[in-house]
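Examination of the molecular architecture
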Amino acid sequence: MADILYPRMAVIGCGLIGSSVIRAARRAGVVGEVAVADSSEAVRTRVAELGLADQVTGDVAEAVKDADLVVLAVPVLAMESVAKAAAGALKPGATVTDVGSVKAKVSQALQRAVPDSVFVIPGHPIAGTEQSGPDAGFAELFEKRWTILTPLPREDDPYLEAVQRLADFWTALGAHVDRMDDKHHDLVLAVTSHLPHLIAYNIVGTAADLEEVTRAEVMKYSAGGFRDFTRIAASDPTMWRDIFLANKDAVLEILGRFTEDLQALSRAIRWGEGDKLFDLFSRTREIRRGVIAAGQESPEPNFGRDRERH
């Protein structure tokens, strides 16, 4: 059991990630009191029923009062308005972080919204499933997954200490922690997460719109590849709408490169260039093997084993 790092933690937005942070932090013993604020009355009711928090409210300022750590787990385009709602109640020396998949715009938004007396440390746990809501969370979600912190370019000791404390927090939750520049984070995630989701949404949408193939046939005869795409495409639409709008520059840059590569692949198929296809498939197979070797092949780490145990 680790030492308590934050005597009071406030989580704003209690869906999959927010509820998993609470469960994992309580299991690790790194937080004391937990407050939750959520705009949904149904979510607040369920959080209370599950006993996830000591305080449940619809008032963001009430939740963050006296909090040592504030975790914003809301869609990225809602971050600034939520941070503004919290700003007046934040105590000096508190850490404000987030779990959003876009960092540059979120970092700018948080810096605009909150007073200089608190430590803004944007973060992104690269973990999740297509499920949502407080019931979807589980304490093991972050185990052996990466959490990326994108600290501000500050070198003062209090800020560096706050960054290290937050890194220790995520480590206690089972995550590997890395730090990087926010713009580089957004480019990396455009490749590894955002573009794949965009492709999945488009492929599933295309299949649903084909006049020659009925929707019943799409569902009945789904092979492994399409089935995997439907899992990705089932992700929260509000969250992903905000991600694409907030990270549009990086996504469009990578999408342009992808479109060029797709056109080259189309030419290879059209002209029967089997060697080019084989070379591409061989290279991509090695990437898959690398993902497996890094232990990142499953979106739900230890899910089955731990659900059986609990």
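Summarised in this report is the structure supplied together with it. (Residues numbered from 1 in each chain as written. Predicted model: local features only at pLDDT ≥ 70, side-chain atom pairs only at ≥ 80, totals over all residues. Heavy atoms only, no water.)

**Remarks on the overall build of the chain**
- When its secondary structure is counted, the chain shows 13 helices and nine strands.
- Each of the 310 residues in the chain was classed as buried or not, and the buried ones make up 42%.
- Just so you have it, the chain exposes about 16300 Å², and 54% of that area is on carbon and sulfur atoms. (Helix = DSSP H or I, 4+ residues; strand = E, 2+ residues; numbered from the N terminus. Buried < 20%, exposed > 50% of the residue type's maximum accessible area, 1.4 Å probe, protein only. Areas by Shrake-Rupley, 256 points an atom, 1.4 Å probe, with all protein chains shown as cover.)

**What about the sheet that holds strand β9 (residues 176-179)?**
- The strand order across the open sheet built from three strands is β7-β8-β9, with neighbouring strands paired in mixed fashion. Single-partner strands in this sheet number two, and they are β7 (123-125) and β9. Neighbour to neighbour, the strand axes of the sheet diverge by 20° on average, direction disregarded.
- Where β7 lies against strand β8 (residues 146-149), three bridges are found, and the strand directions are antiparallel. Considered in β8, the bridge of Gly 123 is made with Leu 149. (Pairing = 2+ DSSP bridges. Axes fitted to C-alpha atoms, helices over the stretch in contact; angles between N-to-C directions.)

**Description of the packing of helix α4 (residues 79-87) against helix α5 (residues 104-113)**
- Relative to each other, α4 and α5 sit at 25°, their axes nearing to 8 Å. Here α4 is positioned roughly parallel relative to α5, judged by the angle of their axes. Along this stretch, α4 crosses α5, giving a crossing that reads as right-handed. Contacts from Met 79, Glu 80, Ala 83, Lys 84 and Ala 87 of α4 reach α5 at Val 106, Ala 109, Leu 110, Arg 112 and Ala 113.
- The residue makeup of the contact of α4 with α5, split by class, is seven nonpolar, no polar and three charged. (Parallel < 35°, antiparallel > 145°, perpendicular 65-115°, else oblique. Left-handed = near helix turned anticlockwise from the far one by under 90°. Contact = heavy atoms within 4.5 Å. Nonpolar A, V, L, I, M, F, W, Y, C, P; charged D, E, K, R; others polar.)

**Let's talk about helix α2 (residues 41-50)**
- A distance of 3.3 Å separates the backbone nitrogen of Ala 42 from a side-chain oxygen at the start of α2, and that oxygen is part of Ser 40.
- At the exit of α2 stands Gly 51, carrying a positive phi of roughly 70°. (Polar contact = N/O pair within 3.5 Å; in protein donor to acceptor, adjacent residues only side chain to side chain.)

**As for the packing of aromatic side chains**
- Using the criterion set out here, one finds five aromatic pairs in the structure.
- A centroid spacing of 5.7 Å and a plane angle of 75° characterise the contact between Tyr 6 and Phe 169, whose relative ring orientation is edge-to-face. Of this pair, Tyr 6 sits in strand β1 (residues 6-12) while Phe 169 is found in helix α6 (residues 157-172), placing the two residues 163 residues apart along the sequence.
- The exposure class assigned to Tyr 6 is buried, which follows from its relative accessible area of 2%.
- For Phe 169, a relative accessible area of 1% gives the class buried.
- Here Trp 240 and Phe 244 contribute two aromatic rings whose centre-to-centre distance is 5.7 Å and whose plane-to-plane angle is 45°, an arrangement assigned as tilted. Taken as a pair, Trp 240 and Phe 244 lie in helix α10 (residues 237-246) at a separation of four residues, close to a single helical turn. Judged on exposure class, the residue Trp 240 and its partner Phe 244 are both buried. (Phe/Tyr/Trp six-rings, centres within 6.5 Å; stacked < 30°, edge-to-face > 60°.)

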